[in-house]
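# Summary of the model geometry
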Amino acid sequence: VQLQASGGGLVQAGNSLRLSCAASGGTFSNYVMGWFRQAPGKEREFVATIGLRGSTYYADSVKGRFTISRDNAKSTVSLQMHSLKPEDTAVYYCAAGRNFPITKAPQCDYWGPGTQVTVSS
């Protein structure tokens with residue numbers, strides 16, 4: 001499975017941004033999908049995950065601000081981000097795994113190359 005994230009950019013604090021991840025080369029509906037992020041000098045951390053039937057789970061730091069969704073017909077997973085904060089600045093990675101929820105990197109079988117999100121204060 002190949003994953004390609006898009007939609008990153010530079011935004012001011014309080015604004016919104018939507019990330020998308022397109023999957024190819026596999027049966028998208030068979031995979032649990034997730035978003036992770038990595039800030040400079042920090043370890044990669046879990047952001048959100050969505051199961052095969054749409055169950056979702058979020059990191060406490062983004063709960064209530066971010067929404068993950070999937071479109072199996074289009075083989076895409078999205079991350080809608082609202083009320084962005086400077087601490088949300090990171091490279092965001094799309095990932096695919098087998099078992100819900102995927103909250104740790106070793107649980108993921110496939111990774112996309114990442115997209116930069118920068119939130120200015």
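Quick look at the structure, then.

## Things to note about the overall build of the protein chain
For the protein chain, the helix and strand inventory stands at zero helices and 11 strands. Whereas a compact globule of 121 residues would reach a radius of gyration of roughly 14 Å, the protein chain reaches 13 Å, a difference of no more than 12%. Long-range contacts, defined as pairs at least 24 residues apart, comprise 57% of the intrachain contacts of the protein chain with a sequence gap of at least 6. Of the roughly 6,100 Å² of accessible surface on the protein chain, a fraction of 46% belongs to carbon and sulfur atoms.

## A look at the state of the cysteines
Here the structure, examined in full by the defined rule, presents one disulfide. A disulfide bridge connects Cys21 with Cys94, and the sulfur atoms are separated by 2.1 Å. Negative torsions about the S-S bond denote left-handed disulfides, and the value of about -85° found for Cys21 with Cys94 makes this one left-handed. On the criterion of sequence distance, the pair formed by Cys21 in strand 3 (residues 17-24) and Cys94 in strand 9 (residues 90-97) is long-range, its members being 73 residues apart.

## Notes on the environment of Thr76
Along the chain, the position of Thr76 falls in strand 8 (residues 76-81). In this structure, the C-alpha to C-alpha distance between Thr76 and Met33, residues 43 residues apart in sequence, is 9.4 Å.

## Some words on the side chain of Thr115
Among the structural elements, Thr115 can be located in strand 11 (residues 115-120). Judged by its relative accessible area of 11%, Thr115 is buried. A distance of 3.2 Å separates a polar side-chain atom of Thr115 from the backbone nitrogen of Gly8. Leave out the neighbours within four places in its chain, and Thr115 touches Ala5, Ser6, Gly7, Gly8, Leu19, Ala90, Val91 and Tyr92.

Reading the values: rules and limits
Residues numbered from 1 in each chain as written. Predicted model: local features only at pLDDT ≥ 70, side-chain atom pairs only at ≥ 80, totals over all residues. Heavy atoms only, no water. Helix = DSSP H or I, 4+ residues; strand = E, 2+ residues; numbered from the N terminus. Rg over C-alpha atoms; globule rule 2.2 N^0.38 Å. Contact = heavy atoms within 4.5 Å. Areas by Shrake-Rupley, 256 points an atom, 1.4 Å probe, with all protein chains shown as cover. Disulfide = S-S within 2.5 Å. Buried < 20%, exposed > 50% of the residue type's maximum accessible area, 1.4 Å probe, protein only. Polar contact = N/O pair within 3.5 Å; in protein donor to acceptor, adjacent residues only side chain to side chain.

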